[in-house]
Amino acid sequence: MVSIDKACSLDGLIAQMGLPAASEGATFLKKAYYFSEKAHAGQRRQSGEPYIDHPLAVAHILTRFRLDIPSIAAALLHDVIEDTHCTLETIRQEFGEDVMTLVDGVSKIGRFGFKNSQEQQTENFRKMVFAIASDIRVLLIKLADRLHNMRTLDALSEERQKRIARETLDIYAPLANRLGIGWLRSELEDHCLRFLKPQVYQMLSAQTTTPQGDQNRYIKEVVASIESVLSEHELTGKVTGRQKHLFGVYQKMERQGIPLEEVYDKVGVRVIVGTKADCYALLGIIHSLWFPVPGRFKDYIAIPKSNQYQSLHTTVVGPGGQHIELQIRTEQMHRIAEEGIAAHWIYKEGGQINVRDEHIKTRIRQFKEWQNDFADTHHILDYVKTDLFADVIYVFTPKGSIKELPKGSTPVDFAYAVHTEIGHRCVGAKINGKIVPLRHLLKSGDTVDILTSSVHSPSRDWLKFVKTSRAKAKIRHFIQEKERGVHLEIGKKILTQEIRRANLGTDILRSDKLIAGVSDRGIRSLDELFIAIGYGKISAIRAIRPLLPEPSSKDVGGNETGTAIDRKTTLSKSALPIGNVIQAGEIGTMMTRLSKCCHPIPGDVIIGFISRGRGLAIHTADCPNLDALHQDPNRFVNVEWTKDDGTGHESRYRANIRLLTLDKPGILAAVSTAIAKDGTNIKSAKIVTTDNDKATFQLAIEVSGSHTLRHVIENIKQIDGVLQVERIRKTLPGVRKD
């Protein structure tokens, strides 16, 4: 890869833009150049070159994208905010709002105020995504900037080389691919290979330049053969051959676990013909000339890639048994493949660019979706990496529209790709007319029909198998909003109850004094206060403490909360605060969980305890752990079992029992039969025999409630040889605790 940066000059830049030397546009670019040169005066790059060489080289790269004058000016100025004392306001005054916005979008956030470099990188990327959502030119300037940095990375330390190369491979090369700029992606990837795997890079480079690995003569022979075929069939076309880029060869070696010698299709040939019909005609001719490799044909003309790349791909066994990868496309397809998004520019008044292609507008809208979906999360970098870098599949809606999804996607991913509400209401799917589970992995060519229900909502379990960042973000957002609403109601009930017990009157809920008393906890509204109490992040008594009267000398014993209510008195189980009944039937949802210390089952007398940040924990009323929890009685709520779980199916709950039996033949079979009488299933069993001819059984069984458990215990007691049966609370070895 030969860099052209040494040939960069201001006059050359203006010439590449096709601007007359005395034109208004040329004058504007000269002003930007000299402004940048003055701002960077005295600064040098690590290589020792004047710093101005870098923005000038970036501007030269951008001319290949056929960008407008404000974009080129912004490229010349893109580092002045980060590396000089220049301000954005100065840029706006000197060069206008458009240039200022572009420079701001490209500039990184300051280095201060971050816990670590990862957090800074995430925030910088978030800032760039937001800027891209408004103007795609920001991304093109960033890509050109990154390309020149990769071309000149040798001057940096090895540690910085690897860090920048890894970031480029994870983010910027996939972004270039998303915009359809194939040459840029390939060059970035090859540079990354050079710094991340220097020995592999040197080996592959040597293989293509040594006499043994030189393919030039072979490529010329193949090109001549195809040109002869074109002439014979009266087809007009241009044939070029090339070595596959090094990173592509390396990827194949890694993916297939093979040495370089077994990578057969290191040679690529591209044929550009006149029409789409000529593409298919030539494909048939090539397949009749050379044997096609099975499974290596891809029709990106009928089904274009998401970046609108179109071409026919096939691999054939060419002369000498060597594999050749062929690409067949029209001139227009080739232009889109080379220029990517730049092939869709049109120019507005004043020389600025606009996008005319609806598919590219859709790609830009994806950045806006990222902006909306991840505005409140620090995981944007991981999500974008996942969606950008994944292999893709192409699936169809029932009406024939194509959706691109990452490989490994499920019907739920597809549903959210169609529309958020369809994702939320998804209950099943038909793939090619056959009903499949929601976990089913889609493959290219599938026709997906989503089944929905107006009463259905997302499950937290979906997060275990969905693939796309959009689906994950939408599911999490739905669950968070649902949890927020439930915690708000719980917190409101608890606070109202505490206010009444303190004789403050419920009018206090409309007073600013309540919020003022908890402002030190970052709470700014009543809803936030309710939610914090509902989550257990703050107690209700803590919220009303500033509003309570000072304790008088008549108060007994200096209570530690500073209230007239004696909080040191141990609360008996029968004196739990009485509040509105909270139904605890939806066991297993995100809001309610069965405590692991006592394993309550329907029929048990139960008590709810609001644990900090983990929702409502359900304990049995005789759970020994409740004594320790009585130090914070305001977090207890009365709960009861619902009659069913609302699905029409009988729920099952784990119960643990212990048996003492004689150690005699057939006892295990008899116990298993007795348990099975009520349709009960054994989930785990531990059996220990003793020296006195006895055996201890510890069993975890699934029951529908305490009535079933009683029947099981009675059935077991009838067995000859069973000495004792009891229910135990502790979790048995080998049984999951969730």
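Each remark here, short or long, concerns the structure printed above.
Residues numbered from 1 in each chain as written. Predicted model: local features only at pLDDT ≥ 70, side-chain atom pairs only at ≥ 80, totals over all residues. Heavy atoms only, no water.

K.L.:
Please set out the sheet that holds strand β11 (residues 426-431) residue by residue, giving values where relevant.
P.N.:
For sheets, the rule is that strands pair by backbone hydrogen bonds, running either parallel or antiparallel. Spatial ordering of the open sheet is given by β12-β11-β13, a layout of 3 strands whose pairing is antiparallel. Lying at the two open borders of the sheet, with one neighbouring strand each, are β12 (434-436) and β13 (448-452). Sheet twist, expressed as the average angle between the axes of neighbouring strands with direction ignored, equals 35 degrees. Pairing of β11 with β12, which is carried by 3 bridges, proceeds in the antiparallel orientation. By the bridge assignment for β12, K430 is matched with I435. (Pairing = 2+ DSSP bridges. Helix = DSSP H or I, 4+ residues; strand = E, 2+ residues; numbered from the N terminus. Axes fitted to C-alpha atoms, helices over the stretch in contact; angles between N-to-C directions.)

K.L.:
Now, about the packing of aromatic side chains: what can you tell me, with residues and values included?
P.N.:
Where two aromatic rings form a pair, the distance of their centres and the angle of their planes describe that pair. The full count for this structure, using the stated rule, is 6 aromatic pairs. Where F35 meets F95, the ring centres are 5.4 Å apart and the plane angle is 90 degrees; that geometry is what we call edge-to-face. Here F35 is found in helix α2 (residues 24-39), whereas its partner F95 is found in helix α6 (residues 88-95), with 60 residues between them in sequence. Geometrically, the ring pair formed by F247 and Y250 is tilted, given 6.0 Å between the ring centres and 45 degrees between the ring planes. With a gap of 3 residues between them, F247 and Y250 both fall in helix α14 (residues 246-256), about one helical turn apart. Judged by its relative accessible area of 5%, F247 is buried. (Phe/Tyr/Trp six-rings, centres within 6.5 Å; stacked < 30°, edge-to-face > 60°. Buried < 20%, exposed > 50% of the residue type's maximum accessible area, 1.4 Å probe, protein only.)

K.L.:
Now, about the packing of helix α10 (residues 158-178) against helix α11 (residues 182-196): what can you tell me, with residues and values included?
P.N.:
One can describe the packing of α10 onto α11 by two numbers: an axis separation of 9 Å at closest approach and a directional angle of 160 degrees. Judged on the interaxial angle alone, α11 and α10 are roughly antiparallel. Relative to α11, the crossing made by α10 is left-handed. Residue-level inspection shows Q161, K162, A165, R166, T168, L169, Y172, A173, A176 and N177 of α10 in contact with α11, the latter providing L184, R185, L188, E189, C192, F195 and L196. Each residue belonging to the contact of α10 with α11 can be placed in one class, and the counts come to 10 nonpolar, 3 polar and 4 charged. (Parallel < 35°, antiparallel > 145°, perpendicular 65-115°, else oblique. Left-handed = near helix turned anticlockwise from the far one by under 90°. Contact = heavy atoms within 4.5 Å. Nonpolar A, V, L, I, M, F, W, Y, C, P; charged D, E, K, R; others polar.)

K.L.:
Give me the lowdown on the pairing of strand β2 (residues 267-273), citing residues and values where you can.
P.N.:
Among the 7 residues of β2, 7 are classified as buried, and the element is accordingly described as predominantly covered. In β2, alternate side chains face the same way, and those of V267, V269, V271 and V273 on one face and G268, R270 and I272 on the other are all buried. Two elements, strand β1 (residues 237-243) and β2, share 7 bridges in a ladder whose sense is antiparallel. Note on β2: the bridge partner recorded for T240 is R270.

K.L.:
Describe helix α16 (residues 331-339), naming the residues involved and giving the relevant values.
P.N.:
All of the buried residues in α16 are M333, H334, I336 and A337. Down the axis of α16, the buried side of the element spans an arc of 165 degrees, and every buried residue falls inside it. Elements in contact with the buried residues of α16: α11, β2, α15 (276-289) and β6 (323-330). Directly beyond the C-terminal end of α16, a positive phi value near 65 degrees is found at G340. (Arc of directions from axis to C-beta.)

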